[in-house]
Amino acid sequence: MAPPSCETATVRVLCPKLLLSSGNQPGALQWLIGSPFFPPFTVVSTFRCIHQSPDLDQESADDLRKLLPKGFEVIGGLIVGDSDAEKSALEAVRAARRLRSISEGGELDDEKIVGASVDAGTGAIHFFISKTEKLAKLEPVASIVYEEDKSGKYLWENGCLLHCELPIKLPFYFPASSPSESKKMFSEAVDAVITQFKEPNVVYIAETLKKASGDVPKPVVLRGKDFGFGADASNINRLPAAEDQVSDIISCSHLCLNSKPAALVNSAENADKIQISLMLNRSEKSPTSGAPVAEYFPAMEEARVIVVDLNLDVLTYAPKELPLMHAVSNLVIPALVDQLYSLKKIILPHLLMEHPQLRIYHFNPPGVLHPITTIYELNYGETEMKQVDVRKSLHMRLGLPLDRPLLRTANALDLSVNDDSRSNTKKRGSIQLKDVHIGIPSSGVSEGVASVIQGSYEYYHYLQDSFDDSGWGCAYRSLQTIISWFRLQHYTSISVPSHRQETQTLVEIGDKDPSFVGSREWIGAIELSFVLDKLLGVSCKIMNFRSGSELPEKCRELALHFETQGTPIMIGGGVLAYTLLGVDYDEGSGDCAFLILDPHYTGGEDHKKIVNGGWCGWKKAIDSKGKSFFLHNKFYNLLLPQRPNMV
């Protein structure tokens, strides 16, 4: 089918319209992302350009090539301009053409490119089509369709993900007297690996990663000698569903679910996934028999050997009707090649030193319809500025907020096991109840405005984990609840620490003597703040009160904390500690109530018993009998953990 002319073309925008126009200064450039498998001029997402010309080489090779899975590509550009929309859009088109020519390694004169301009004053968006680089005039697009509500369904009902992991231990030799030769020899070793990807005796095994069931199709074996390398996958005829059953050519749909609940269709995390494994067949039958042969190549001079660990992990997108053979040869293998070159570029400067510990992660952040791929250096901790700067750059590229941990490793897509086994593991490893305050009776503050915790937490209390901490462990349990909040919001991937680990941390930072490890001594707000800073890099604010009667005076300040930070608060008074999950405050009358989660509970994980027993519920500052939950003659301190203002 011939591509539509510009006069009849329709630009379809699947990503949120807000991403196209928000947060940009005049002259800011965004790349429009599409797919060769979608109708022409379909915009799936946008990436912000962070390396302006003449640094488009770095923009292409160092960032977009790593981030974008094969199956998606830059189809145009959008720029924030003035009232002359066409002039601004032409600038975006020229930048997109340069970027694509760098990525593809040659001029692409006759490709149609989408150009768009956002009016800096009104926010109006105008789309144009560039037919060829030789024409300075753009064709305006009359029909623009925004289909954000159908976007996920469109991608994942028609497409699937192919995932391939390939750990490589790559040895290479170089003359001991010529260390400068090492980079050349390493590069040649990398090129030799790439050659093996396309050898006739290479075997690729494709199998489903869907949930365990009785109708899982058998793995499909694909051989390198049958591949057609270099074909344009977007122009390969797709197979109708019926043809797949009668033909020797197997499409990706063969390894996909025939039907799924509607709720599981619309995200990359729940998409159909195909696992690709690579093997080299070294024992293929030969028409002639012969004894094994060993070849000896003596070194002419003293040589040195270095072994480099290269752990490839690629994710690609393909239509379900695409022949599986072409999905592997034209998507998975080029992705492996690109990623191998990316890892090589990072390792080369450190080749004769300690190599960076590189690991690949895949994410599907909100607002981005498709997955993205990142390479992190594990030599640096997640809270060290080197890693923070990398994530901050990615957040800027993707238009993500800078105070949410969307690209931390705890938020990565888990593609290692099928969905059932992963969820069962989580269930077996967690006995704590979550969000026990949901559904509790109201506070009784008639004109109050409730401000409560944002996000999920786990309820930690006395006697859990078969550990008797009754009478002394309430602050330890409150700390565990607080850390569970940071875990469930993906600010950290560390496990919730035990009491012993909490005391060990205080000893490690020099706050306590070694004898404190494993002790049953009480801890307070200061110690909790030290542990949170050490384990999570979280800072805390501490409020002190001479008497419990002063707490209601701070309701407005506490409400602001829950509205802006949203973290649970530890309340300490003498040898007692509680977890505060919210306040309900009537500014007119001053009446208020506190949402208390009590760690002194010693029963089982029974939500009804916990709520009915008052272990989680609203406590009035002054009840109908004139009594207060907080004792007037007791000193209190509050620990207010701050949400990290970093990515």
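What counts and how
- Position numbers for residues count from 1 along each chain, tracking the sequence in the order it is written.
- Confidence filtering applies because this is a predicted model: local features only for residues at pLDDT of at least 70, side-chain atom pairs given and counted only at 80 or more, and all residues used for totals across whole chains, interfaces and linings.
- Computation of side-chain values: all heavy atoms of the structure, hydrogens and water removed.
- Helix and strand assignments come from DSSP, with helices taken as H or I runs of at least 4 residues and strands as E runs of at least 2, each series counted from the N terminus.
- Exposure was quantified through the Shrake-Rupley algorithm and a 1.4 Å probe, taking into account, for residues, occlusion by the shown protein chains and nothing else.
- Here, a salt bridge means any Lys or Arg side-chain nitrogen found within 4 Å of an Asp or Glu carboxyl oxygen.
- Only protein chains enter the area calculation, which uses a 1.4 Å probe; residues under 20% of their type maximum are buried, those over 50% are exposed, and those in between are partly exposed.
- What makes two strands pair is DSSP finding at least two bridges between them.
- Think of a nonpolar core as a cluster: buried Ala, Val, Leu, Ile, Met, Phe, Trp, Tyr and Cys residues, connected wherever their side-chain atoms sit within 4.5 Å.
- Note on contacts: a residue pair qualifies if any of its non-hydrogen atoms lie within 4.5 Å across the two residues.
- Residues adjacent in sequence count toward polar contacts only when both atoms are side-chain atoms; beyond that, a polar contact is any pair of N or O atoms within 3.5 Å, and within protein one must be able to donate a hydrogen and the other to accept it.
- Each patch is built from residues that are more than 30% exposed by relative accessible area and take part in no salt bridge. Like charges join if they lie within 9 Å; nonpolar side chains (Val, Leu, Ile, Met, Phe, Trp, Tyr) join within 5 Å.
- pLDDT is defined as a per-residue confidence score from the predictor, taking values between 0 and 100.
- Interaxial angles span 0 to 180 degrees and are taken between N-to-C directions of axes, which are lines fitted to C-alpha atoms, for helices over the stretch in contact.
- Here is the rule for handedness: rotate from the far helix to the near one, and if that takes an anticlockwise turn smaller than a right angle the crossing is left-handed, while a clockwise turn gives right-handed.
- Classification used: nonpolar for Ala, Val, Leu, Ile, Met, Phe, Trp, Tyr, Cys and Pro, charged for Asp, Glu, Lys and Arg, polar for all others including Gly.

Helix and strand counts for the protein chain come out as 14 helices and 23 strands. Summed over all atoms, the accessible surface of the protein chain reaches about 31200 Å², with 51% contributed by carbon and sulfur.

A full pass over the atoms with the stated rule returns 17 salt bridges. Ionic pairing is found between E73 and R100, a salt bridge with its closest N-O pair at 3.7 Å. Pair noted here: E73 is in strand 5 (residues 73-81) and R100 is in helix 3 (residues 85-104), with a separation of 27 residues, a long-range link. You can call E73 partly exposed: its relative accessible area is 23%.

Before going further, it helps to examine the pairing of strand 5. With eight of nine residues buried, strand 5 lies mostly within the body of the structure. Where strand 2 (residues 29-34) meets strand 5, six bridges bridge the pair, whose relative direction is antiparallel. Each residue of the ladder has a partner; that of L29, found in strand 5, is I79. Bridge count between strand 5 and strand 6 (residues 113-119): six bridges; the pairing is parallel. Residue pairing in the sheet places G81 in a bridge with D119 of strand 6.

Read from one edge to the other, the open sheet built from six strands follows the order 4-2-5-6-7-8, with strand pairing classed as mixed. Looking at strand neighbours, the two that pair on one side only are strand 4 (45-48) and strand 8 (139-140), the edges of this open sheet.

Counting residues in each nonpolar core, the largest one holds 97 residues, and the members touching the most others are W31, L162, F197, Y204 and I274. Sorting elements by how many residues they give to this core places helix 7 (residues 324-347) first, with 13 residues. With sequence-adjacent residues up to four places away left out, Y204 is seen in contact with F197, V220, V221, L222, F227, I276, S277, L278, V328 and I333. Formed by 42 residues, the second largest nonpolar core is a distinct cluster that contains Y460, Y462, I610 and W618.

Right, let's get into the side chain of Q565. Relative to the assigned elements, Q565 resides in the loop between helix 13 (555-564) and strand 19 (569-573). Here R643 takes part through its backbone nitrogen, which lies 2.7 Å from a polar atom of the side chain of Q565. When neighbours within four sequence positions are excluded, Q565 is seen to be in contact with W485, L560, P641, Q642 and R643.

Turning our eyes to something else, we now look at the environment of A318. Mapped onto the fold, A318 is located in strand 14 (residues 303-319). With ten residues separating them along the chain, A318 and V328 place their C-alpha atoms 9.6 Å apart. Setting aside residues no more than four positions away along its own chain, A318 makes contact with N158, G159, C160, L162, C252, A327 and L331.

What follows is about a nonpolar patch on the surface. Together, I50, M396 and L402 line one region of the surface with nonpolar side chains, adding up to about 230 Å² of accessible area. Residue M396 is classed as partly exposed on the basis of its relative accessible area, which comes to 43%.

Per-residue confidence for the protein chain averages 85 on the pLDDT scale, and 85% of its residues sit at or above 70. Ranking the elements of the protein chain by mean pLDDT puts helix 9 (residues 419-429) last, at 38, and helix 11 (residues 499-508) first, at 97. Low pLDDT, under 50, characterises residues 237-247; the predicted model gives this stretch 14 contacts beyond four residues in sequence or across chains. Residue range residues 418-430 is modelled with pLDDT below 50. Its contacts to residues more than four positions away, or to other chains, number eight contacts.

A few words now on the pairing of strand 11 (residues 202-208). The side chains of a regular strand alternate, residue by residue, between the two faces of the sheet. With six of seven residues buried, strand 11 is to be regarded as a mostly interior element. Judged from the seven bridges that link them, strand 11 and strand 13 (residues 273-280) form a sheet pairing that is antiparallel. Counterpart to V202 in the pairing with strand 13 is L280. Where strand 11 meets strand 12 (residues 220-223), four bridges bridge the pair, whose relative direction is antiparallel. Directly across from I205, in strand 12, lies its bridge partner V221.

Quick look at unusual backbone geometry now. Even without being glycine, L463 reaches a positive phi, approximately 70 degrees. You can see L463 is positioned in the loop between strand 17 (449-452) and helix 10 (474-488). For L463, a relative accessible area of 36% gives the class partly exposed. The phi angle at H490 is positive, at roughly 65 degrees, despite the residue not being glycine. Looking at where H490 falls in the secondary structure, it is placed in the loop between helix 10 and helix 11. The class of H490 is partly exposed, set by a relative accessible area of 27%.

With that out of the way, let us pick up the packing of helix 10 against helix 12 (residues 525-536). The interhelical angle for the contact between helix 10 and helix 12, taken along N-to-C directions, is 35 degrees, at an axis separation of 11 Å. Between helix 10 and helix 12 the crossing geometry is right-handed. Where helix 10 abuts helix 12, its residues A475, L479, I482, I483 and F486 lie against L528, V531, L532, L535 and L536. A breakdown of the residues in the contact of helix 10 with helix 12 according to their chemical character gives ten nonpolar, no polar and no charged.

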